[in-house]
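Single-letter residue listing:
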Amino acid sequence: MPKKLIYLPLIPFLVVLILFFVFPLLTVLNNSYLDKQGSFTLVHYIKFLTDPYYLNVLFVTFKISIIVTVITLLLGYAIAYYVTKVLKSKLAKRIAYVVIISPIFTSAVVRSFGWIVILGNNGFINQMLLKIGLIDQPIQLLYNETGIIIGLIYILAPFMILSLTSVLQSIDSRLDEAAADLGYSRWKSFIKVTLPLSVPGILSGVMMVFSLSLSSYVTPALISGGKIKVLAMLIYEQMTQLMNWQFGGAMSFVMLVVSIVILMVNNYLLKTRWSEGGRS
Amino acid sequence: MTSPYIIEMKNVSKIYGQHPAVDNISLDIYQGEFLSILGPSGCGKTTTLRMIAGFEYISKGTIMLDGKEASHVPPYQRPVNTVFQNYALFPHMTIFNNIAFGLKRKGMKKQEIKEEVDEMLETMGLEEHRDKYPTQLSGGQQQRVALARALINKPKVLLLDEPLAALDLKLRKKMQFELKRLHKQVGITFIFVTHDQEEALVLSDRIVVMREGEIEQVGTSEEIYKDPLTSYVAQFIGDANVLPTKKNNDGTVSALGYDFPVGKTEEDYHFIIRPEHIELHLSQNKNETDMYQAPITITEITYAGSKQIVEVECMDQTIYIHCSPEQTLSNANIGQKAMMMWKKEHHKILK
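Quick caveat, the model's predicted, so the values are computed rather than measured.

The biggest cluster of nonpolar side chains holds 68 residues, and the ones touching the most others in it are Ile7(B), Met9(B), Ile52(B), Phe90(B) and Ile191(B). At 11 residues, helix α7 (residues 145-170) of chain A tops the list of elements feeding residues into this core. Ignoring sequence-local partners within four residues, the contact set of Ile191(B) consists of Ile7(B), Ile29(B), Leu35(B), Ile37(B), Leu49(B), Ile52(B), Val157(B), Leu158(B), Leu159(B) and Leu160(B). If you look at the next biggest cluster of nonpolar residues, it comprises 34 residues, including Val83(B), Phe96(B), Ile113(B) and Leu151(B).

Residues and elements named next belong to chain A. Taken N-terminus to C-terminus, the directions of helix α3 (residues 52-86) and α7 make an angle of 40°; their axes are 6 Å apart at the nearest point. On the basis of their axis angle, the class for α3 and α7 is oblique. For the pair α3 and α7, the sense of crossing is right-handed. For the contact of α3 with α7, the residue count by class is 21 nonpolar, 6 polar and 3 charged.

With that settled, consider the packing of helix α5 (residues 108-119) of chain A against α7(A). All names here are of chain A. Packing of α5 against α7 leaves a shortest axis separation of 10 Å and a crossing angle of 135°. Considered as vectors, α5 and α7 are oriented oblique to each other. Our pair here, α5 against α7, has a crossing hand that is right-handed. Between α5, through Ala 108, Arg 111, Ser 112, Trp 115 and Leu 119, and α7, the contact on the second element is made entirely by Gly 147, Ile 150, Gly 151, Tyr 154 and Ile 155.

Within this numbering scheme, the UniProt entry marks residues 58-266 of chain A as carrying the feature "domain: ABC transmembrane type-1" (unreviewed entry). Along residues 58-266 of chain A the backbone is 79% helical and 0% strand, and the end-to-end C-alpha distance reaches 22 Å.

A full pass over the atoms with the stated rule returns 24 aromatic pairs over all chains. Look at Tyr258(B) and Tyr292(B): their rings are 4.5 Å apart centre to centre, the planes differ by 90°, and that puts the pair in the edge-to-face class. Residue Tyr258(B) is found in strand β14 (residues 258-261), and its partner Tyr292(B) is found in strand β17 (residues 292-303); the two are separated by 34 residues along the sequence. Tyr292(B) carries the same exposure label as Tyr258(B), and that label is buried. Every member of this aromatic cluster is reached through a ring pair, and the members are Tyr258(B), Phe260(B), Phe271(B), Tyr292(B) and Trp342(B). Here Lys47(A) stacks its cationic end above the ring of Phe247(A), 4.1 Å away from the centre of that ring. Note that Arg274(B) overlies the ring of Tyr225(B), its terminal NZ or CZ placed 4.1 Å from the centroid.

With that out of the way, let us pick up the interface of chain A and chain B. The interface is formed by 23 residues belonging to chain A together with 23 residues belonging to chain B. Carbon and sulfur atoms make up 61% of the area that chain A and chain B hide from each other, which totals about 2100 Å². The tally of links from chain A across to chain B stands at 1 salt bridge. Among the salt bridges present, the one from Arg50(B) reaches Glu177(A), with a minimum N-O distance of 2.6 Å.

On to the UniProt feature "domain: ABC transporter" (unreviewed entry) in chain B, then. UniProt's feature table lists "domain: ABC transporter" (unreviewed entry) at residues 7-237 of chain B, given in the numbering used throughout. Between the C-alpha atoms that bound residues 7-237 of chain B the distance is 25 Å, and the span itself is 36% helix and 27% strand.

All names here are of chain B. Taken in spatial order, the 4 strands line up as β2-β1-β4-β5 in an open sheet, and their pairing is antiparallel. The sheet is open, and its two edges are formed by β2 (19-30) and β5 (68-69), each paired on a single side. Where strand β1 (residues 5-16) meets β2, 8 bridges bridge the pair, whose relative direction is antiparallel. In the strand pairing of β2, Met 9 is matched with Leu 27. Packed onto the sheet, helix α1 (residues 45-53) meets β1, β2 and β4 (60-65) and runs at close to 120° relative to β1.

Below, the discussion takes up the UniProt feature "transmembrane region" (unreviewed entry) in chain A. Residues and elements named next belong to chain A. Under the UniProt annotation, the feature "transmembrane region" (unreviewed entry) is placed at residues 7-33, 53-83, 95-118, 148-168, 189-211 and 248-270. Spanning residues 7-33, this segment combines 81% helix with 0% strand, and its end C-alpha atoms are found 35 Å apart. The span residues 248-270 is 100% helix and 0% strand, and its two end C-alpha atoms sit 33 Å from each other.

Now for helix α4 (residues 139-151) of chain B. With 13 residues, α4(B) ought to run about 18 Å at 1.5 Å a step, and its terminal C-alpha atoms sit 18 Å apart, in line with that. Of all the 13 residues making up α4(B), 11 are buried; the element is thus mostly covered by neighbouring parts of the structure. Where α4(B) is buried, its residues contact α8 (173-181) of chain A together with β6 (80-83), α2 (95-105), α3 (110-123), β7 (157-161) and α5 (169-186) of chain B.

Tallied over the full model, the rule gives 21 salt bridges over all chains. Here Arg174(A) ties to Asp172(A) by a salt bridge, and the two come within 3.1 Å at their closest N and O atoms. For Glu222(B), the salt bridge is made with Lys226(B), and the minimal N-O distance between the two is 3.2 Å. With Glu222(B) and Lys226(B) both in helix α7 (residues 221-226) and 4 residues apart, the pair spans about one turn of that helix. Taking relative accessible area as the criterion, Glu222(B) reaches 52% and is therefore assigned exposed. Of the residues examined, Lys226(B) reaches a relative accessible area of 56% and is grouped as exposed. Salt bridges sharing common partners tie together Glu177(A), Lys14(B), Arg50(B) and Glu56(B).

Right, let's get into unusual backbone geometry. Residues and elements named next belong to chain B. If you check the backbone angles, Asn 11 has positive phi at about 50° while not being a glycine. Structurally, Asn 11 can be placed in strand β1. Of note, the phi angle at Ala 88 is positive, near 50°, even though the residue is not glycine. You can see Ala 88 is positioned in the loop between β6 and α2. With relative accessibility at 5%, the residue Ala 88 sits in the buried group.

Quick notes on the rules
- Residues numbered from 1 in each chain as written.
- Chains lettered and ligands numbered in written order.
- Predicted model: local features only at pLDDT ≥ 70, side-chain atom pairs only at ≥ 80, totals over all residues.
- Heavy atoms only, no water.
- Core = buried A, V, L, I, M, F, W, Y, C linked by side-chain atoms within 4.5 Å.
- Buried < 20%, exposed > 50% of the residue type's maximum accessible area, 1.4 Å probe, protein only.
- Helix = DSSP H or I, 4+ residues; strand = E, 2+ residues; numbered from the N terminus.
- Contact = heavy atoms within 4.5 Å.
- Axes fitted to C-alpha atoms, helices over the stretch in contact; angles between N-to-C directions.
- Parallel < 35°, antiparallel > 145°, perpendicular 65-115°, else oblique.
- Left-handed = near helix turned anticlockwise from the far one by under 90°.
- Nonpolar A, V, L, I, M, F, W, Y, C, P; charged D, E, K, R; others polar.
- UniProt positions renumbered as here; feature names shortened; annotations may be inferred.
- Phe/Tyr/Trp six-rings, centres within 6.5 Å; stacked < 30°, edge-to-face > 60°.
- Lys NZ or Arg CZ within 6 Å of the ring centre and 35° of its normal.
- Buried area = accessible area lost by both parts, 1.4 Å probe.
- Salt bridge = Lys/Arg side-chain N within 4 Å of Asp/Glu carboxyl O.
- Pairing = 2+ DSSP bridges.
- Expected span 1.5 Å × (residues − 1).

Okay, structure coming up:
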């Protein structure tokens, strides 16, 4: 069979991809540099990147995404480490994986509403804290950045945990023994051996969580009740409510570029630093 | 007071759940000796090694390392280093950094580390691989890196967990000699775990034969080979014909037509003789000699290069005889009756 024929079965998928993904994307991109009359202009980009209101939304979106990514990484690493390295019984591991993955099977809308119930002034957390006497009046957890951050961490944590567990699992436990043998305590061995070897998992987890929170819409929209605007909400507003396809397209494209840059940095880091060492 | 022992294990057990992996063993290991722990998989040899390294804490008994009680000292504080079965080299570090890893922990100056590691790389013939990563090296080279990484810390004891098992035969033989040379050169105690009896015989000053978590026999290669205490040891070290015996009422057991005194006992005894200790005579006649002899029927002759292996039948027992390749067996036929003879010091009656 000629080698070229191998690509034949790919054609249907390529057609679908071009028709339903590349084509709409190009339409959006095409709109972004046209004015209402249809001639070339960069005014939308300039407006987005200079107007203090939009810059602030961009700043808030990045801030939320960075905080969410950092906390998810720390939390996710602890959980992934516990599941792969500390839990010994196969059954316990399996249960842990089910618990970690199960939130993904529920719709983000449902989960976000769940958080509204938990975070509200009469919600579970505030009621508990009031009962214990830690606070005198309910703290504001809903309709602000804190709420969005909590909601996003919950929704995105499984992605981080899964990408970390897959890497941690592949690290030979004898490497820890070898480090102990050479004089390294458990903590020092973690810093020198386990942590550097898990960098590929950290990178892919961070990349996924960061780009997903950057583009998240449902959770911020529901939990903030529209009081805090993030980029995706802004785009939605421009496109569907104000029918400003041109400006919405420009914002979409900026967001896409940011995601692609993150992806490329990630790939570059993985290739240069982590490919030659390889894993056994 | 300087003890001749670097390691003293007293009544040491390791129990997983209900099952003892190592059952009440006592073992003293001399300064500077090459000791092999030999046994089939699951006999507790690796567990014993891991208890010395500190990866497993002992369940019962005491273990002294270099004169100090060490039963619950964590591995990173023990004066021992390990060469792991699959080397366990750090995949994210260069060969240089792998070898320097232990020295860095000790807080040595960079320049000193560099000098020592470079010297070690030279001793091991690894200079050209200094800046490569472990996956870029062959099995034998990785093996040498693992040895270098352990030895550079100047441990009092080097533990080797079946380090040659993953190498092919030729390389294994070469590494055996290298290990022996290295042992002479550094002069520290080597404890070598293996399931390969030949490897143990070639390398060791003393061999510990283990079986089902217990020590069956401790001795030099020669003692263990010539003077096995049990039929298990005889069978495990070298080749041996192990034949059942028949108990008689007068405190003897009989095998191959002879009676051997063992005293009154309930236990089963085996008649043991090594194939190279049997002479094959193609004539059927009894010889005038003080050697033991028994009539046999030849069932198979195999030429194996350095020896000829003859399978014979004697009183319904299958026995193997090793003849030198020079002995002319060409006129021997399958099914031919012949005689086998052996000196009385060569057979053993063992439990």
